[in-house]
Structure formats: structure tokens, C-alpha cells
Amino acid sequence: MNKSLRAVPALLITTSLALSACGAENPDQVTMAASTHAGITPLGEASPAMKTLRPTKPSQLLVTNVRLGIHDSFERVVFDLEGEGDPGWFVDYTDKPMQQGSGNLVQHSGRIALNVNIDGTVYPHELNHEDPEIQTVQGQGGFVSEVVNAGTYEGRSQFFIGIDEARPYSVQVLEDPKRVVIDIIR
């Protein structure tokens, strides 16, 4: 039998398994990880410098999910949003991650943390939503070790991305659905 034809059944089985996994979403699972993708490029201009953008007008947004993905030249962290308006952000590296409001030290894995603050957010009940109960999201085997949810306080949701060292990163907002995307370069 031709070698190409022998590979067809294996290809069909692999494709079937991959496609069935794509449709097997758990509606109760709020925090999930994205898979590895090749050929995707990072968004925006990346540098290790602090990045900030203030919302132009008041927003009513809720972070509903956090996803991670490993790509050829970068790792991506996605914060899914629901609600009205546009988010702002303040993102910078810290070696002492402290929770806003309380000043408590936030435990994380990794040598350094990227402190991600998303502005224009509200509590779930303000949008008549259930609490998405976003837990710590574990890394996918790359340099991002985890993303820790530090909570929402006075219109700002805070997360810490634990990584191995300070690296160039970019912050972008994408639409349909609305999300804040942070690409961290290898």
C-alpha cells in the first residue's frame, strides 16, 4: 500500500479527535486555557516599559474569563469582557505584587509578575451577572507560570501574570467579543 494512503486513517482519527475536543466546552467552566497555535503574530508594539491607557468615558465592564495561549514567538493572555464601554489599563512589572485596596502581598509562581489592572470594571451584580469566580489559571508549559486574580476594587480589576523574567509585551483591546490581550514576547 502507498505510504501516503496509510497516513490517511491516522490523519482522519487525529482530525476527528481535535474537532470533537473543540466542541466539548463545559458551560460551567469559566476559566480555561487556549491551545498552542502556529503562525499567529503578536499584536502591537512590544517593550518591557509600563503601559497605561485611561478610559475616555465611564465603562461598565466585567472580566468573565482568562485564557492563555502559547505561540511560536510569544505567549498570549486574554481577559474576556462583557458589558458597555471601553476598558483602560495600567500594566507594569513588579517583584512585590500587592493587592489594591488592602496592600496584601499576592502569592504567585514565577520570578517576577506583570501587574495587570483593567479599568472601567464593575462587580458582577452591577450587570445582573453571576460571579464568574475566576480562579488562578495555570501556565501551559511556557514562561508564563500562572495568572492570579487579585479581585476588583473601585472600578479596577487586578491580575498578576507570573513569569520567569521581564520581557517585552504589548497590550491591545480587541472587539467582537471585547477583550484585553497581552502578548509577551519570547
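Our structure is the block above this text.
Rules and cut-offs
Residues numbered from 1 in each chain as written. Predicted model: local features only at pLDDT ≥ 70, side-chain atom pairs only at ≥ 80, totals over all residues. Heavy atoms only, no water. Helix = DSSP H or I, 4+ residues; strand = E, 2+ residues; numbered from the N terminus. Contact = heavy atoms within 4.5 Å. Phe/Tyr/Trp six-rings, centres within 6.5 Å; stacked < 30°, edge-to-face > 60°. Buried < 20%, exposed > 50% of the residue type's maximum accessible area, 1.4 Å probe, protein only. Salt bridge = Lys/Arg side-chain N within 4 Å of Asp/Glu carboxyl O.

Colleague: Lay out the environment of Ala113 with the relevant residues and their values.
Modeller: Along the chain, Ala113 falls in strand E5 (residues 112-119). Sequence separation of Ala113 and Asp92 is 21 residues, and the distance between their C-alpha atoms is 8.4 Å. Look past the residues within four positions of Ala113 in its chain and what remains in contact with it is Asp92, Tyr93, Thr94, Pro97, His108, Phe160, Ile161 and Gly162.

Colleague: Describe in detail the environment of Leu81, supporting the description with residues and values.
Modeller: Mapped onto the secondary structure, Leu81 falls in strand E3 (residues 74-84). It is 9.0 Å that separates the C-alpha atoms of Leu81 and Thr121, two residues lying 40 residues apart in sequence. Contact partners of Leu81, with chain neighbours within four places excluded, come to Leu61, Leu62, Val63, Thr64, Pro87, Lys178, Arg179 and Val180.

Colleague: For the packing of aromatic side chains, give the residues involved together with the corresponding values.
Modeller: Applying the stated rule across the entire model yields two aromatic pairs. On the basis of an interplanar angle of 50 degrees and a centroid distance of 4.9 Å, the ring pair of Phe79 and Phe159 is categorised as tilted. Of this pair, Phe79 sits in strand E3 while Phe159 sits in strand E8 (residues 156-163), placing them 80 residues apart in sequence. Of the two residues, Phe79 and Phe159, neither departs from the other in class, the shared state being buried. On the numbers, 5.6 Å between centres and 85 degrees between planes, the contact of Tyr93 with Tyr169 is edge-to-face. Highlighted residues: Tyr93 in strand E4 (residues 88-94) and Tyr169 in strand E9 (residues 169-174), separated in sequence by 76 residues.

Colleague: An account of the pattern of salt bridges is needed here, citing residue identities and associated values.
Modeller: A full pass over the atoms with the stated rule returns eight salt bridges. Across the pair Asp183 and Arg76 runs a salt bridge, and its minimum N-O distance is 2.6 Å. Residue Asp183 is found in strand E10 (residues 179-185), and its partner Arg76 is found in strand E3; the two are separated by 107 residues along the sequence. Across the pair, Arg76 and Asp183 agree in class, each one buried. Close ionic contact of Lys178 with Asp86 constitutes a salt bridge, the shortest N to O distance being 2.9 Å. Highlighted residues: Lys178 in the loop between E9 and E10 and Asp86 in the loop between E3 and E4, separated in sequence by 92 residues. Residue Asp86 is classed as partly exposed on the basis of its relative accessible area of 39%.

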